Amino acid sequence: MRVACIGGGPAGLYFAALARRLGVGHEITVYERNAPDDTFGFGVVLSDETLGGIEHADPRIYREMAGEFARWDDIDVHIDGTVTTSGGHGFAAIGRQRLLRILRARCAELGVRILTRTEAPPAAELAAEYDLVVAADGVNSLTRSTYADHFGTTLEQRHNRFMWLGTDLVLDAFNFHVLRTPYGIVQAHGYPYSRERSTFIVEMAESVWEAAGFTDPRTAPGRSDLDSIARCEELFADVLGGHRLLPNNSHWQRFTTVRNRTWR
Ligand SMILES: Cc1cc2nc3c(=O)[nH]c(=O)nc-3n(C[C@H](O)[C@H](O)[C@H](O)COP(=O)(O)OP(=O)(O)OC[C@H]3O[C@@H](n4cnc5c(N)ncnc54)[C@H](O)[C@@H]3O)c2cc1C
């Protein structure tokens, strides 16, 4: 079977590796518009349950990932000068960049063809050439929106504002920091994902975001909202203890819940 995969993020690469393992006769091509090292975001967290599924599906990918994990069991909630620890959660984190490298290497070893810096042709065009077209083109999938009537898509945008940042402060557990500010509650959650870095996500209700005078300056793709990041550094100065917040395409976002009537 000839398979085309639109998008070489975690979903597209993992699908391609597993599909190729199922049938070495499958000829699989992944189209990825970005260069191999252009990735956005910091560490991603995977629960023990998810990792169990990965270990079962491809022990090789699991072993490679396990060699890189930052692991922890505790969640520490810091609020009003107290810390409440909840143990036994079993999570691991890995840098997104590192995860993509592991998946790309596994795909290469299995004989998947990955075309980087290559915009995928539209799905209809690919369908004329391939037996199966997989749309792994992310949360803002153009394939899904092109065929929204067919997929029966509804998008529900949530209200809270958040910004995905990194820091060179290496946290020792999954931490929630809840701050009472003059504008309302602002919280951050962070977790280590390597020996040098942690993920740090700042989040607040929309009313607090407005009261604090944050705006969405719509920075160009790849650019970060440096003014807001400097203000977040001030708000969380006590937590950061002199460490910096690190941007990577970081700007205010809202999570969107995507529901499809059918996924194929
Ligand atoms: C703040 C935040 C924190 C998160 N934390 C976690 C976490 O801890 N754990 C976790 O599991 N998930 C986390 N996620 C979610 C995670 O980012 C997504 O689940 C994951 O990235 C989805 O992978 P994907 O491959 O579906 O999409 P993406 O990672 O978006 O990849 C899609 C790829 O398709 C490419 N592409 C799109 N269109 C085309 C085209 N036409 N031609 C060629 N290439 C194309 C894009 O360049 C991109 O590389 C987080 C997300 C956010 C925003």
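Residues numbered from 1 in each chain as written. Predicted model: local features only at pLDDT ≥ 70, side-chain atom pairs only at ≥ 80, totals over all residues. Heavy atoms only, no water.

(A) Molecular detail of the pattern of salt bridges. The final tally for this structure, using the stated rule, is 15 salt bridges. Between Glu 27 and Arg 2 there is a salt bridge; the shortest N-O distance is 3.0 Å. Taken together, the residues Glu 27 in strand 2 (residues 27-31) and Arg 2 in strand 1 (residues 2-6) connect sequence positions 25 residues apart. On the basis of relative accessibility, which here comes to 42%, the residue Glu 27 falls in the partly exposed class. Arg 254 is paired through a salt bridge with Glu 206; the nearest N and O atoms lie 3.3 Å apart. Here Arg 254 is found in the loop between strand 15 (245-246) and strand 16 (256-259), whereas its partner Glu 206 is found in helix 8 (residues 206-211), with 48 residues between them in sequence. You can call Arg 254 partly exposed: its relative accessible area is 28%. Here the salt bridges do not stand alone but share partners, grouping Arg 21, Asp 58, Arg 60, Arg 106 and Glu 109 into one network. (Salt bridge = Lys/Arg side-chain N within 4 Å of Asp/Glu carboxyl O. Helix = DSSP H or I, 4+ residues; strand = E, 2+ residues; numbered from the N terminus. Buried < 20%, exposed > 50% of the residue type's maximum accessible area, 1.4 Å probe, protein only.)

(B) Examining the environment of Ile 54 more closely. Summarising the element assignment, Ile 54 is placed in helix 2 (residues 48-57). Taking relative accessible area as the criterion, Ile 54 reaches 11% and is therefore assigned buried. A C-alpha to C-alpha distance of 29 Å links Ile 54 and Arg 158, two positions 104 residues apart in sequence. Excluding anything up to four places from it in sequence, Ile 54 contacts Tyr 14, Pro 59, Ile 61, Tyr 62 and Met 65. (Contact = heavy atoms within 4.5 Å.)

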